[in-house]
Amino acid sequence: MRKNDDDHVVHFRSDGLGLSPAEYAELLVQLAADRGIAADEFSREGVVAELEDRIAALLGKEMAVFLPSGTLANHLALRLLAERGRRVLVQRESHIYNDSGDCAQALSGLTLIPLAAERATFSLTEVEAETARAEDGRVSTPVGVISIESPVRRVQGEVFDFAEMQRIVAFARDHQIGLHLDGARLFLASAYTGIAPDTYAALFDTVYVSLYKYFNAAAGAVLAGPKHLIDNLYHQRRMFGGSLRQAWPYAAVALHYLDGFSERFGGAAAAAEVLLQALAKRPGCEVLRSAAATNVTRLRVSGPCAATLPERLLARGVEARSAIQSSDERAEFTNETILRRPVGETVDAFVNGLGFI
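None of the values given here were measured: they were computed from a predicted structure.

Novice: Let's hear about the sheet that holds strand β8 (residues 221–225): which residues, and what values?
Specialist: Taken together, the 7 strands give an open sheet; going across it, the order is β2-β8-β7-β6-β5-β3-β4, and neighbouring strands pair in mixed fashion. Only two strands of the sheet have a single neighbouring strand rather than two, namely β2 (63–67) and β4 (111–115). Shown here is a sheet whose adjacent strand axes are inclined to one another by a mean of 20°, direction ignored. Pairing geometry for strand β6 (residues 178–182) and strand β7 (residues 206–210), over 3 bridges, is parallel. Paired with Asp182 across the strands is Tyr208, a residue of β7.

If you want it as structure tokens, here you go:
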């Protein structure tokens, strides 16, 4: 792709590069010329199948299927797994509970039971209590699925505690309860946890991964799992209106950025740590991160330049988010753009933007 001023802009707005329509179109032209793009037919075959196979292999699953959205990926997974019962345990802060328009309830007759308010992790004790309560009532309504989102966007990108996850999985296996992982941001989490995506995925029946958040596709998702669940799932995909006439523009770009992602994002996380450590030493700048955080950091800034920080940073080639509502905090997302220039330059941009020098 041709070089322009945007090639040096570092932004903290999202998980991915934030490609413009022009950049996206130019990348597709480049990919078609350099490696060729095999078109799909109603989201089957071609580069879509290539992407499905790659992600299935990376997650250690037998099969994977392309879906147009994470909403549909999560919904179909819960629908497939709810054999033992129609109740599904989820985090209250999860996407499937907050951002899906109650699709699982309205379209598949499932009942989502929210746990862990304002937390990323619910405990085995909570799972045991809710499972027992569901089955011991006047009418038994067994829990059929446990769905875990990790990292959890609404809880500052925190990961679900891995040891607790393992204990919950063991309980679920003993009780024939299905297990789904909303791993939309699973691949970037490894840079912070040191746990490989396939290690997480091995614990669950099904795993969803986003294609647009950091693999930079314009849209799309992949749901992976065992063959007996995923094979022929394209029928249900079509039933829910999800068989796009052609999905190659999404699959080709995601496949492109999938190559070498772990190494690149590991470098981005290391560069961000240098930046955050430098900012934490400055008066009027507080870095708010929990031990379980991934690429989302909250900055609390004060002083005469705090209100105009986004504008002052933009003048120095750095795009940051505005303060959250009426607070003095702002959520910043680490992504690969931090690698576009030496991290020292980004540190200097923040130092100048905050009016320290």
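From this point on, the discussion continues.
Novice: An account of empty space enclosed by the protein is requested, with residue identities and associated values reported.
Specialist: This model, assessed by the stated rule, comprises 2 cavities of 30 Å³ or more. Its volume calculated, the largest cavity comes out at about 70 Å³. As for the largest cavity, its lining consists of Phe12, Ala272, Leu275, Leu276, Leu279, Thr297, Leu299, Glu332, Thr334 and Phe350. At the level of elements, α13 (261–280) and β10 (296–301) are the ones that each hand at least two residues to the lining of the largest cavity. It is α13 that contributes the most residues to the lining of the largest cavity, 4 residues altogether. Broken down by class, the residue content of the lining of the largest cavity amounts to 7 nonpolar, 2 polar and 1 charged. Considered as a void within the structure, the second largest cavity measures approximately 30 Å³ in volume. Lining the second largest cavity, in full, are Leu31, Arg35, Gly36, Ile37, Val47 and Ala252. Of the residues that constitute the lining of the second largest cavity, the class distribution is 4 nonpolar, 1 polar and 1 charged.

Novice: Can you lay out the sheet that holds strand β12 (residues 329–333) for me, pointing to particular residues and giving the numbers?
Specialist: On the basis of which strands lie adjacent, the open sheet formed by 3 strands has the order β9-β10-β12 and antiparallel pairing. The strands lining the two open edges of the sheet, one partner per strand, are β9 (285–288) and β12. Across the sheet, the mean angle separating the axes of adjacent strands is 30° when strand polarity is ignored. Lying over the sheet, α13 contacts β9 and β10, oriented at roughly 135° with respect to β9.

Novice: Explain the side chain of Asp15 residue by residue, including any values.
Specialist: Along the polypeptide, Asp15 turns up in the loop between β1 (10–11) and α1 (21–34). Using a relative accessible area of 5% as the deciding quantity, one classes Asp15 as buried. A polar contact is formed between the side chain of Asp15 and the side chain of Arg185, at a distance of 2.7 Å. Reaching out from Asp15, the side chain makes a polar contact with the side chain of Asn295 at a distance of 2.7 Å. For Asp15, the contacting residues outside a window of four places in its chain are Arg185, Leu188, Lys213, Tyr214, Phe265, Asn295, Phe333, Thr334 and Asn335.

About the cut-offs
- For every chain, the first residue of the written sequence is number 1, and numbering continues from 1 onward in sequence order.
- Thresholds applied to this predicted model are a pLDDT of at least 70 for local features of residues and 80 or more for the giving and counting of side-chain atom pairs; totals over whole chains, interfaces and linings are not thresholded and use all residues.
- Where side-chain values are given, they derive from all heavy atoms of the structure, hydrogens and water being excluded.
- By this definition, two strands are paired if DSSP reports at least two bridges between them.
- Helix numbering and strand numbering both begin at the N terminus, where a helix is a DSSP run of H or I of at least 4 residues and a strand a DSSP run of E of at least 2.
- Here the axes come from fitting lines to C-alpha atoms, over the contacting stretch only for helices, and the angles between their N-to-C directions go from 0 to 180 degrees.
- Lining residues are defined by having an atom within 4 Å of a point belonging to a cavity or pocket. Those points lie on a 1 Å grid over the protein atoms alone, cavities being sets where a 1.4 Å probe fits but cannot get out and pockets being open sets with protein on both sides within 12 Å along at least five of seven lines.
- Grid points are joined across faces, edges and corners, and a volume is the space filled by probe spheres set on the points.
- In this classification, Asp, Glu, Lys and Arg are treated as charged, Ala, Val, Leu, Ile, Met, Phe, Trp, Tyr, Cys and Pro as nonpolar, and every other residue, Gly included, as polar.
- Contacts are assigned to residue pairs that have any heavy atoms within 4.5 Å of one another.
- Only protein chains enter the accessibility calculation, which uses a 1.4 Å probe; a residue is then buried when its area is under 20% of its type maximum, exposed when over 50%, and partly exposed in between.
- Within 3.5 Å is the distance limit for a polar contact, defined as a pair of N or O atoms, with the added protein rule that one can donate a hydrogen and the other accept it, and that residues adjacent in sequence qualify only through two side-chain atoms.

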